[in-house]
Amino acid sequence: MKRKLLDYLACPSCSSGLALRSVTKEEGTEILSGELRCRSCDESFSIRGGIPRFADLDRIEKDKQETAASFGWSWQQFTQDDQKYDEQFLGWIAPVQPDFFAGKIVLEGGCGKGRHTRRIARWGARDVVAVDLSDAVEVAFAATRDVENAHIIQSDIYHLPLQRVFDYAFSVGVLHHLPDPRAGFKSLVSKIKPGGFASAWIYGAENNRWIVGLVNPFRKHVTSRMSPGLLYHLSKIPAAAIYAATKLVYGPLNRNGSSIAKHLFYNDYFKAISDFGWREQHTIVFDHLVAPTAFYISRAEFEDWWREIGATRVVIGWHNRNSWCGFGKMPDRQLSD
Ligand SMILES: [Zn+2]
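Notes on the structure in this doc start here. (Residues numbered from 1 in each chain as written. Predicted model: local features only at pLDDT ≥ 70, side-chain atom pairs only at ≥ 80, totals over all residues. Heavy atoms only, no water.)

**Focus: the overall build of the protein chain**
- Within the protein chain, the secondary structure is distributed over 11 helices and 11 strands.
- Since a compact globule built from 337 residues should have a radius of gyration of about 20 Å, the 20 Å found for the protein chain is in line with a globular shape.
- Expressed along its principal axes, the backbone C-alpha trace of the protein chain runs to roughly 65 × 45 × 35 Å.
- A burial count over the protein chain gives 52% of its 337 residues as buried. (Helix = DSSP H or I, 4+ residues; strand = E, 2+ residues; numbered from the N terminus. Rg over C-alpha atoms; globule rule 2.2 N^0.38 Å. Buried < 20%, exposed > 50% of the residue type's maximum accessible area, 1.4 Å probe, protein only.)

Set out below in structure tokens:
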């Protein structure tokens, strides 16, 4: 961790500031190992492999642990990066554009391998603090250790070891995998300072009845219980079917402006991924099958989340007609917790 991160950290138990108690290994600006200690309650947290560790995996409920373990494995396997991700990321956080980040202190709830973290740092954020519960933090750390304004923390989203100092917090593709997505959202936005902004992207209930009815039971009872290594290979079968359909049917028909295209099953989504290569499509299928927990959230419920946090200027977009992306401004005065 870089020393600058201390400006943003707070004890997850009592919210007091944290101090660096010891440094046992340092390389350039990175503290690779050492210990953080709360200034009030004396709780301590280790820094290992350059990452401050706030997640006591023994204390975290089993379902969260399993989600973290399966995605951690996935993120370490699938490490491709691509320019297309710029566009994809901006789709999830719409209407936010790259220039929005200039000078802002940003919190990322669920960073996986740090793909977005790097982008935001490059887009001029003052600092971006990226949190993940899973082992993917190791990949995220390696991907961002040379980036001066990027910081990686291993933590549970429900007990963020952070102060309420962020200009913007966002979470893409993570909240719906939590046991209580709404509570995760509220915890994330509780770290935004008054008048700051938030974005969230979640799976939608609408238009996903086939996933909820057909894929979900299979995911819950079969695929999420397999070893990720086996599922990695087995998931190539449905991925191959989707790959063939998007390359041979959805892509060409949509590019030619064929009137048949809009009648195709799940066209908006398959059109959106028809440009993706094999590994990217395989990643998507694998991620859908590996997660032990996945919620599909209706627009009405998502609107409730924003109402409950008192957000204004809320924009909710229907992304690829199968998911919701929301953006809003936090109240100028802090609501009581
Ligand atoms: Zn404390």
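**Structural notes on unusual backbone geometry**
- A cis amide bond, omega 5 degrees, links Ala94 with the succeeding residue Pro95.
- Although it is not a glycine, Ser15 adopts a positive phi angle of roughly 70 degrees.
- Of note, Ser15 is situated in the segment before strand S1 (18–27).
- Classification of Ser15 as exposed rests on a relative accessible area of 58%.
- Look at Arg313: it is not a glycine, yet its phi comes out positive at around 50 degrees.
- Relative to the assigned elements, Arg313 resides in strand S10 (residues 312–319).

**Focus: the coordination of the zinc ion**
- Around the zinc ion, the protein supplies Cys11 (SG), Cys14 (SG), Cys38 (SG) and Cys41 (SG) as donor atoms, at distances of 2.3 Å.
- Metal-centred angles of 97 to 120 degrees between the four donor atoms at the zinc ion mark the site as tetrahedral.
- Coordination of the zinc ion draws on donor residues from a single chain, spaced C-x2-C-x23-C-x2-C in sequence.
- On the basis of relative accessibility, which here comes to 3%, the residue Cys38 falls in the buried class.
- Residue classification places Cys41 among the partly exposed positions, given a relative accessible area of 36%. (Donors = N, O, S within 2.8 Å, 3.2 Å for Na, K, Ca; no water. Tetrahedral: all angles 85-135°; square planar, octahedral: opposite > 155°, others 65-115°.)

**Looking at the sheet that holds strand S4 (residues 51–52)**
- Spatial ordering of the open sheet is given by S1-S2-S3-S4, a layout of four strands whose pairing is antiparallel. With partners counted over all chains shown, the strands left at the sheet margins are S1 and S4, one partner each.
- Relative to strand S3 (residues 44–48), strand S2 (residues 30–38) is paired through four bridges, and the arrangement is antiparallel. When the sheet's bridge partners are listed, Arg37 is paired in S3 with Ser44. (Pairing = 2+ DSSP bridges.)

**A look at the environment of Leu289**
- Secondary-structure assignment places Leu289 in helix H10 (residues 278–290).
- On the basis of relative accessible area, Leu289 is assigned to the buried category, the value being 8%.
- Taking the C-alpha atoms as reference, Leu289 lies 9.5 Å from Tyr232; in sequence the two are 57 residues apart.

**A word on the pattern of salt bridges**
- In the structure shown here, the tally under the stated rule is 17 salt bridges.
- Residue Glu27 is joined to Arg145 by a salt bridge in which the shortest nitrogen-to-oxygen separation is 3.1 Å. With a gap of 118 residues between them, Glu27 in strand S1 and Arg145 in the loop between helix H4 (136–144) and strand S7 (150–154) connect regions that are remote in the sequence.
- The exposure class assigned to Arg145 is partly exposed, which follows from its relative accessible area of 31%.
- As a salt-bridge pair, Arg299 and Glu303 come within 2.9 Å of each other at their nearest N and O atoms. You can see Arg299 and its partner Glu303 sitting in helix H11 (residues 299–308), four residues apart, about one turn around the helix.
- The structure contains a network of salt bridges with shared partners spanning Arg182, Lys186, Glu301 and Glu308. (Salt bridge = Lys/Arg side-chain N within 4 Å of Asp/Glu carboxyl O.)

**Quick word on the sheet that holds S7**
- The mixed open sheet is built from seven strands, whose spatial order is S7-S6-S5-S8-S9-S11-S10. If you trace the sheet from one side to the other, it starts and ends with S7 and S10, each paired once. Neighbour-to-neighbour, the strand axes of this sheet turn through a mean angle of 15 degrees, independent of strand direction.
- For S10 and strand S11 (residues 323–329), the ladder comprises six bridges, and the chain directions are antiparallel. Bridging from a neighbouring strand, Trp318 pairs with Trp324 of S11.
- Along the sheet, helix H2 (residues 84–92) makes contact with strand S8 (166–172), strand S9 (192–203), S10 and S11, crossing S8 at roughly 105 degrees. (Axes fitted to C-alpha atoms, helices over the stretch in contact; angles between N-to-C directions. Contact = heavy atoms within 4.5 Å.)

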